[in-house]
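Each chain is listed here by its residues.
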Amino acid sequence: MRKRTTAAIVLLAALVAVAAAAARSVHGTGPTKITVWAGWSAGHELKVFKSVVAEYDRKHPEVTINVVGGIDDNKIVAAIRSGTAPDVVSSFNSYNVGNYCGSGGWIDLGPLMKKDHIDASLFPAAPRYYTQYEGKRCALPLLADDYGLYYNKKLFKAAGIARPPRTVSELAADAKKLTVRDKSGNVKVAGFDPVVGFYENTPDRWVQQFGAKWLDGKGHSAIGKDPAWAKWAKWMKSLVDWYGYDKLVRFQAQPIDEFTPSQAFETGKLAMNFDGEWRVAFIQHEHPDLDYGTAPMPVDDAHPELYGSGYINGTIIGIPRGVKHEAEAWALVKYLTTANHPLAVLSNGLRNVPTTQSSLTSKEILPDKRFSTFLKIFANAKSGTSPILASGQAYTNAVQRFFQQYQAGKVKDLQAGLKNLAKQLDAQVAQAKGGGGVP
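Residues numbered from 1 in each chain as written. Predicted model: local features only at pLDDT ≥ 70, side-chain atom pairs only at ≥ 80, totals over all residues. Heavy atoms only, no water.

Participant: Mind laying out unusual backbone geometry, listing which residues take part and the relevant values?
Facilitator: Notably, His117 is not glycine yet its phi reads approximately 60°, a positive angle. Checked against the element boundaries, His117 lands in the loop between helix 5 (110–115) and helix 6 (125–129). Its relative accessible area of 73% is what places His117 among the exposed residues. One non-glycine residue with positive phi stands out, namely Glu134, at about 50°. Tracing the backbone through its elements, the reader meets Glu134 in the loop between helix 6 and strand 4 (140–152). On the basis of relative accessible area, Glu134 is assigned to the exposed category, the value being 58%. (Helix = DSSP H or I, 4+ residues; strand = E, 2+ residues; numbered from the N terminus. Buried < 20%, exposed > 50% of the residue type's maximum accessible area, 1.4 Å probe, protein only.)

Participant: Account for the packing of helix 2 (residues 43–59) against helix 14 (residues 340–350), with residues named and values stated.
Facilitator: It is at 9 Å that the axes of helix 2 and helix 14 come closest, and there the two elements cross at 160°. Relative to helix 14, helix 2 is oriented roughly antiparallel. Helix-helix and strand crossings are classified by hand; for helix 2 and helix 14 the assignment is right-handed. Within the contact between the two elements, helix 2 uses His44, Glu45, Val48, Phe49, Val52 and Glu55 and helix 14 uses His341, Pro342, Val345, Leu346, Gly349 and Leu350. (Axes fitted to C-alpha atoms, helices over the stretch in contact; angles between N-to-C directions. Parallel < 35°, antiparallel > 145°, perpendicular 65-115°, else oblique. Left-handed = near helix turned anticlockwise from the far one by under 90°. Contact = heavy atoms within 4.5 Å.)

Participant: I'd like a description of the pairing of strand 3 (residues 88–91), backed by residues and values.
Facilitator: The alternating pattern of strand 3 places Val88 and Ser90 and Val89 and Ser91 on opposite faces, both of which are buried. Where strand 1 (residues 32–37) lies against strand 3, 2 bridges are found, and the strand directions are parallel. Along strand 3, the bridge assignment pairs Trp37 with Val89. Alignment of strand 3 against strand 9 (residues 312–318), held across 3 bridges, turns out to be antiparallel. Bridge pairing links Ser91 to Ile316 in strand 9. (Pairing = 2+ DSSP bridges.)

Participant: So, the packing of helix 13 (residues 326–338) against helix 14: which residues are in play, and what are the values?
Facilitator: Close contact between helix 13 and helix 14 brings their axes to 5 Å; oriented N to C, the two are set at 65°. Packed against helix 13, whose contacting residues are Tyr335, Leu336, Thr337 and Thr338, the element helix 14 presents Asn340, His341, Pro342 and Leu343 at the interface. Each residue belonging to the contact of helix 13 with helix 14 can be placed in one class, and the counts come to 4 nonpolar, 4 polar and no charged. (Nonpolar A, V, L, I, M, F, W, Y, C, P; charged D, E, K, R; others polar.)

Participant: How would you summarise the domain arrangement of the protein chain if you had to cite specific residues and measurements?
Facilitator: Taken domain by domain, the protein chain consists of domain 1 (32–145 + 313–379) and domain 2 (146–311 + 387–432). Domain 1 and domain 2 are separated by 28 Å when their C-alpha centres are compared. Between domain 1 and domain 2, the contact holds 31 residues from the first and 30 residues from the second. Here domain 1 packs against domain 2, burying approximately 2,400 Å² in sum over the two surfaces, 58% of which is carbon and sulfur. Together, Tyr95, Arg370 and Phe374 form the three largest contributors to the area buried by domain 1 at its contact with domain 2, with a combined 32%. Linking domain 1 to domain 2 there are 11 residue pairs in polar contact (both at pLDDT 80 or more). Secondary-structure elements contributing two or more residues to the side of domain 1 that touches domain 2 are helix 2, helix 4 (97–103), strand 4, helix 14 and helix 15 (369–379). With 8 residues, helix 15 is the largest single contributor of residues to the side of domain 1 that touches domain 2. Its residues assigned to classes, the side of domain 1 that touches domain 2 comprises 13 nonpolar, 11 polar and 7 charged. (Domains from an automatic or database assignment. Buried area = accessible area lost by both parts, 1.4 Å probe. Polar contact = N/O pair within 3.5 Å; in protein donor to acceptor, adjacent residues only side chain to side chain.)

Participant: Would you mind going over the environment of Tyr199 in detail, with residue names and values included?
Facilitator: Position of Tyr199 relative to the elements: it lies in the loop between strand 6 (187–189) and helix 9 (203–206). Separated by 47 residues in sequence, Tyr199 and Asn152 place their C-alpha atoms 17 Å apart. With residues up to four places along the chain from it excluded, the contact list for Tyr199 reads Ile256, Asp257, Glu258, Gln263, Ala264, Leu270 and Asn273.

Participant: Requested: an account of the pattern of salt bridges, with residues and values cited.
Facilitator: Considering all chains together, one arrives at 11 salt bridges under this definition. Put simply, Lys334 and Asp116 hold a salt bridge, and the shortest N to O gap is 2.9 Å. Residue Lys334 is found in helix 13, and its partner Asp116 is found in the loop between helix 5 and helix 6; the two are separated by 218 residues along the sequence. You can call Asp116 partly exposed: its relative accessible area is 26%. A cluster of three or more residues bridged by salt bridges with shared partners is formed by Glu266, Asp275 and Arg279. (Salt bridge = Lys/Arg side-chain N within 4 Å of Asp/Glu carboxyl O.)

Participant: So what's going on with the packing of aromatic side chains? Residues and values would help.
Facilitator: The tally for this structure, following the rule as stated, stands at 24 aromatic pairs. Ring geometry for Tyr147 and Trp278: centres 5.8 Å apart, planes at 90°, overall edge-to-face. Linking Tyr147 in strand 4 with Trp278 in the loop between strand 7 (272–276) and helix 12 (279–286), this pair joins segments that are 131 residues apart in sequence. Assessed through its relative accessible area of 2%, Tyr147 is described here as buried. Ring geometry for Phe402 and Phe403: centres 5.1 Å apart, planes at 85°, overall edge-to-face. When the ring centre of Phe371 is taken as reference, the NZ or CZ atom of Arg351 above it lies at 4.0 Å. Lying across the ring of Tyr292, Arg370 places its NZ or CZ 4.0 Å from the centre. (Phe/Tyr/Trp six-rings, centres within 6.5 Å; stacked < 30°, edge-to-face > 60°. Lys NZ or Arg CZ within 6 Å of the ring centre and 35° of its normal.)

Participant: I'd like a rundown of the nonpolar core, residues and numbers included.
Facilitator: A general tendency of soluble globular proteins is for nonpolar side chains to be buried together. Counting residues in hydrophobic clusters, the biggest one holds 96 residues, and the most contacted among them are Trp106, Trp206, Trp232, Trp235, Met272 and Phe403. The element best represented in this core is helix 10 (residues 227–243), accounting for 10 residues. Both domains that furnish three or more residues to this core are identified here as domain 1 (32–145 + 313–379) and domain 2 (146–311 + 387–432). With residues up to four places along the chain from it excluded, the contact list for Trp235 reads Val168, Leu171, Ala172, Trp206 and Phe210. Counting residues in each nonpolar core, the second largest holds 35 residues, with Val63, Ile118, Leu142 and Leu336 among its members. (Core = buried A, V, L, I, M, F, W, Y, C linked by side-chain atoms within 4.5 Å.)

So this is what it looks like as structure tokens:
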């Protein structure tokens, strides 16, 4: 063996000294502090998310993690613009992925996934789609939401209804049979509330049940061309008109806020409700004695093959532009979105749908026949989501505003209005591509 020279020994000693000094310096500064922003704010929801992050924190002494709840997309965008964004951000609105990816507001996670040998096929089709835009995967899915029908078994039995409706004609008939009015004709108990914008009652979730198309082959809005849109709108308005639009507005003016214990379905004022899977957890926390069931949403009578499917979107998580601790942020994002254990714990606590192929059948998922309805909807091949576009949530917001005006009687010519809406949506997307979004 060749002997080291004196110079080599001196150099080695110097390197050791430098390394030791560096180690002391790192040790002296303590763990890296990172901040996570989350949308959850309801008491039990934020508590569950914080507990999962705290478990990671305990196992990783190299970081200290602060979780801030009650965050919405406006706060996220403002922080990115001002250069004050946290290390990790999450949003309830998968619609906005086109905005975040297209503008570079959230960094492309593709290179990080490739480096760690994570393939997007880990996620089912819908969340795999709504976490990317034009080749950039700037987000990963952190639990999913899908939507179904909640029905009050006690009220169903009293009305002589044997099972939940499977078609929209059955839904309308049952809603009328279940509705109770006072002497003035005001609604005391609504069989179903069809007003767009009430709770989770939005066009994007409903048209899934009619097989409606959002875009044509050229990527332009199909709302003015696909007859399924008008068919759904007319059916919905016919039920609104049966109740009386003003009567439904009066009904909604009660203290029945969606995310409080006074929510109308939970208190028996609403016999059937279109809602997400998380309502299972809310009912368990707020009204555990409620006798209810869950089922897929009814579908257009002409499309019975769609029964069992539904609309899917979900919470997304990513790393904002300008992050100072990218490695630590990515390690946390990767853990929360790809490891079965945290997904199972979150799903059990929040009753949201876990978002990897393997986590759907994890033995850690607590069995619940009401919640299992939503796992089946999520796994249904005909379930889908709305398009991810450069204009983000502004696209679906514009669609919702139009149908709210239509139900209120402010749109005289539905077909002409739909064609005009399609033009507006295409212009909106073009403008966003030309420089909109997060600058």
